[in-house]
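Here are the chains, one letter per residue:
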Amino acid sequence: MAISVQLNRQLHGIFLNRGAVEFPDYIKPHLVLEHNNVFNLFLRVDISGPEIDVPLMCKYRVEEGLLRNYGYPNSVKEVAVTLFENSYAQTRRTANAIFRTFLMNDTRDRLMKITTNAGEVYYGGNGYILDKDYNILILYTLHGVMEDRTLHYKTGRIYVNPKVFVSNGIVEKGIIKTVIPAFVQEGIRIDGANIEEVTYQEINTRMPIRNEYGRITGYTSPIPEIVIADVTNRFIVKPKKPTPSTFNNEAMNDYLLEHLDEVVQMTYIL
């Protein structure tokens, strides 16, 4: 599948994503608690270490959580980002058009829903794509290791769900034919850390190419790790609906009291 210069540039811009997830200016009318579509999906990032995968879509917020731990060790174990669908739904015909649309989605609106002409449904944004059931199809991260309370970024990682390779879906085929080759052929360009106090860049963003005389004739970029794994359960949280017959105010209060420490300080939610 051919890739345009513009899409190639946009794809490689993912690793330059600052990841400063903000709240939207306003909530679309269809988002209401009664429809269970406001807090029905979260992206969760474990920052307890010693190794941390930082999704590019919320990189700055993860680093903020690390900064809190820098002053108060182990005060934040996880960073959670709500993935409400605040973008207007779109229809697209080709995989490349879907990739471009997701990459241009306003991060304040979190999720965008895209339906293909064939009726396939996908959700996503800049740095991640989910299927119709909110399973991760592809997720872009930076992998780091905690050393002396500082996260040392070591490499870029692209998680690809194994189901992508056996699916006839238009996006799944596009990931194989367009996205993976784009990064394997040209590598990645990495932005610096947002909060230097708690992160350190160890990824060589430009590697010299030398001729037989030792002269530099060009540069290559580091190739990201393509990890074939379903990381949905690791990063995506779908709260279970309570059963009215067994879950009442008394049961809810007992549950909150039993997990008070976790509710108060374990998670940083955006």
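The preceding data block contains the structure.
The structure displayed is predicted, hence computed values, not measured ones.

Colleague: I'd like a description of the pairing of strand S5 (residues 112-116), backed by residues and values.
Modeller: Looking down a regular strand, the side chains alternate between one sheet face and the other. Only one face of S5 is covered, namely the face carrying Met112, Ile114 and Thr116; the face carrying Lys113 and Thr115 is uncovered. With three bridges joining them, strand S4 (residues 90-92) and S5 adopt parallel strand pairing. Across the sheet, the residue bridging to Arg92 is Thr116, located in S5. In this fold, S4 hands off to helix H3 (residues 95-103), which returns the chain to S5; that crossover is right-handed. Pairing geometry for S5 and strand S6 (residues 121-125), over four bridges, is antiparallel. The residue of S6 that forms the bridge with Thr115 is Val121. Taking the residues that link successive antiparallel strands as the turn, the S5-S6 hairpin has four residues, and the phi of Gly119 there is positive, at about 90 degrees.

Colleague: Describe unusual backbone geometry, naming the residues involved and giving the relevant values.
Modeller: A cis amide bond, omega 5 degrees, links Gly49 with the succeeding residue Pro50. Relative to the helices and strands, Pro50 resides in the loop between strand S1 (42-46) and strand S2 (51-55). The backbone of Tyr134 sits at a positive phi, close to 70 degrees, despite the residue not being glycine. Here Tyr134 lies in the loop between strand S7 (128-130) and strand S8 (136-147). Even without glycine at this site, Arg149 takes up a positive phi of about 65 degrees.

Colleague: Give me the nonpolar core: which residues, what numbers.
Modeller: If you look at the biggest cluster of nonpolar residues, it comprises 62 residues, and the most contacted ones within it are Leu11, Phe15, Leu83, Leu130, Tyr140 and Ile175. Not counting chain neighbours up to four residues away, the residues in contact with Phe15 comprise Leu56, Tyr140, Thr141, Leu142, Gly156, Arg157, Ile158, Phe183, Ile188, Arg189, Ile190 and Asp191.

Colleague: Which residues make up the packing of aromatic side chains, and what values do they have?
Modeller: For the structure on display, the rule yields five aromatic pairs. For the pair Tyr140 and Phe183, a centre-to-centre distance of 5.8 Å together with 55 degrees between the ring planes defines the contact as tilted. Separated by 43 residues along the polypeptide, Tyr140 in strand S8 and Phe183 in helix H4 (residues 170-186) bring together distant segments of the chain. The same class applies to Tyr140 as to Phe183, namely buried. Taken together, the ring pairs in this structure connect Phe15, Tyr140 and Phe183 into an aromatic cluster. For the cation-ring pair, Arg18 lies above Tyr60, with the distance from its terminal atom to the ring centre recorded as 4.3 Å.

Colleague: Which residues make up the environment of Asn37, and what are the values?
Modeller: Assignment of secondary structure puts Asn37 in the loop between helix H1 (5-12) and S1. Sequence spacing of Asn37 and Gly214 is 177 residues, and the spatial spacing of their C-alpha atoms is 59 Å. Leaving out residues up to four positions away in the same chain, Asn37 has contacts with His30, Leu31, Val32 and Phe84. Here the side chain of Asn37 touches His30 through a polar contact of 2.8 Å, landing on its backbone oxygen. Within the local environment of Asn37, its side chain forms a polar contact with the backbone nitrogen of Val32, the two atoms lying 3.1 Å apart.

Colleague: Outline the packing of H1 against H4, supporting the account with residue identities and numerical values.
Modeller: Where H1 contacts H4, the axes come no closer than 11 Å and their chain directions differ by 75 degrees. On the basis of the axis angle, H1 is roughly perpendicular to H4. Where H1 approaches H4, its residues Leu7, Asn8, Leu11 and His12 are matched on the opposing element by Thr178, Val179, Ala182, Phe183 and Glu186.

Criteria and cut-off values
Numbers given to residues run from 1 along each chain, matching the order in which its sequence is written. In keeping with the predicted nature of the model, local features appear solely for residues at pLDDT of at least 70, side-chain atom pairs appear and are counted solely at 80 or more, and the whole-chain, interface and lining totals rest on all residues. Hydrogens are left out, water is left out, and the side-chain values use all remaining heavy atoms of the structure. Partly exposed describes any residue whose relative accessible area lies between the buried limit of under 20% and the exposed limit of over 50%, with all areas from a 1.4 Å probe on protein chains only and scaled to the type maximum. Runs of E in the DSSP output that reach at least two residues are strands. Runs of H or I that reach at least four are helices, and both are numbered from the N terminus. A strand pair is defined by DSSP finding two or more bridges across the two strands. Place the viewer so that the strands point away; then a crossover is right-handed whenever the path from the first strand over the helix to the second strand goes clockwise. The nonpolar core is taken to be a set of buried Ala, Val, Leu, Ile, Met, Phe, Trp, Tyr and Cys residues, with the residues joined through side-chain atoms within 4.5 Å. The contact criterion used throughout is that any non-hydrogen atoms of two residues lie within 4.5 Å. Aromatic pairing here means that ring centres of Phe, Tyr or Trp (its six-membered ring) are within 6.5 Å. Orientation follows from the plane angle: under 30 degrees is stacked, over 60 is edge-to-face, and everything else is tilted. We call a charge positioned over a ring when the NZ of a Lys or the CZ of an Arg lies within 6 Å of the ring centre and within 35 degrees of the ring normal. Whenever a nitrogen or oxygen atom comes within 3.5 Å of another N or O atom, the pair is scored as a polar contact, on the condition that within protein one atom can donate a hydrogen and the other can accept it, and that pairs from neighbouring residues in sequence are kept only if both atoms are in side chains. Helix axes are fitted to C-alpha atoms over the stretch in contact, other axes to C-alpha atoms as well, and angles between N-to-C directions run from 0 to 180 degrees. By the definition adopted for this analysis, an angle is roughly parallel if under 35 degrees, roughly antiparallel if over 145, roughly perpendicular if from 65 to 115, and oblique otherwise.

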